[in-house]
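Secondary and tertiary structure notes
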Amino acid sequence: MADAPQIPDEAETRARWGAFAWTAENAAKAKAVIARYPAGRQRSAVMPLLDLAQRQVGAETQTQGWLPVPVIEFVAAQLDMPFMRAYEVASFYTMYNLVPVGRYHVQVCGTTPCLLRGSDDVMAACKNRGMIKGKTTPDGLFTLTEVECMGTCTNAPMVQINDDNYEDLDFDRMAAILDALAAGETPKAGTQIPGRHTSEPEGGPTTLKEMVKANHDYRKEW
């Protein structure tokens, strides 16, 4: 595929990441995660440890992070599992990046509900900023990926940027989010429709209004 990301050169990757090891803080976190599982079942910790490793790489590179092969090998060795078993996990879930990404990994949902609700406009806003699917912008700020359903169909169209979802988007709302990120700001996550709460109907509830009001009042008290 023309928009497929390019796998980094192996020699360069091993030269940079071959000596990967946990920071003291992450070593403690990894130990705590492994301790959740019974003896002999440590391999069950592979997903959280891969995520932790990706975040450490991200912290070192000022990006969202990715998983170089030597880093996956490190995690596999700690869990006493074959490298390929860990790689199978890393290559199956889109939460793991197998190639370098920018500071903000923009994942646009292109599945049917989002498509019908305007994901093409969301993608157009990304491309208007010079983004290309599967590529990172020259300034290292944004990486654009089209992904399958991320379970926010009620608030379609949506994108996930690093750890946050942005929902109920159109061209202008998406452009505003990208502008804010580029300016070093933190845009509001979740629905972008003013006054809408999570996935409630636009304009507010149509049934059980008193119960909903009581719940909102309770939340305000806390």
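This structure is a prediction, so every number in the text was calculated from the model and none was measured.

**Remarks on the domain arrangement of the chain**
Structurally, the chain comprises domain 1 (11-92) and domain 2 (104-191). The C-alpha centroid of domain 2 is placed 28 Å from the C-alpha centroid of domain 1.

**Let's talk about the packing of helix 2 (residues 24-34) against helix 3 (residues 46-61)**
Packed helix pairs are characterised by how far apart their axes lie and by the angle those axes make with each other. Running from N to C, helix 2 and helix 3 cross one another at 170°; their axes reach a closest spacing of 10 Å. By the angle between their axes, helix 2 is roughly antiparallel relative to helix 3. Contact with helix 2, carried on its side by Asn26, Lys29, Ala30, Val33 and Ile34, involves Pro48, Leu49, Leu52 and Gln56 of helix 3 and no other residues of that element. Counted by class, the contact of helix 2 with helix 3 contains six nonpolar, two polar and one charged residues.

**Considerations on the packing of aromatic side chains**
As enumerated under the stated definition, the model contains six aromatic pairs in all. Ring geometry for Phe20 and Phe74: centres 5.2 Å apart, planes at 80°, overall edge-to-face. In this pair, Phe20 sits in the loop between helix 1 (10-17) and helix 2 while Phe74 sits in helix 4 (residues 69-78), placing the two residues 54 residues apart along the sequence. Judged by relative accessible area, which is 24%, Phe74 ranks as partly exposed. Both rings, one in Phe83 and one in Tyr87, keep their centres 5.6 Å apart while their planes meet at 35°; by these two values the pair is tilted. Of this pair, Phe83 and Tyr87 are both found in helix 5 (residues 83-92), four residues apart, which corresponds to roughly one turn of the helix. In this structure an aromatic cluster arises from ring pairing among Phe20, Trp22 and Phe74.

Conventions we followed
Residues numbered from 1 in each chain as written. Predicted model: local features only at pLDDT ≥ 70, side-chain atom pairs only at ≥ 80, totals over all residues. Heavy atoms only, no water. Domains from an automatic or database assignment. Axes fitted to C-alpha atoms, helices over the stretch in contact; angles between N-to-C directions. Helix = DSSP H or I, 4+ residues; strand = E, 2+ residues; numbered from the N terminus. Parallel < 35°, antiparallel > 145°, perpendicular 65-115°, else oblique. Contact = heavy atoms within 4.5 Å. Nonpolar A, V, L, I, M, F, W, Y, C, P; charged D, E, K, R; others polar. Phe/Tyr/Trp six-rings, centres within 6.5 Å; stacked < 30°, edge-to-face > 60°. Buried < 20%, exposed > 50% of the residue type's maximum accessible area, 1.4 Å probe, protein only.

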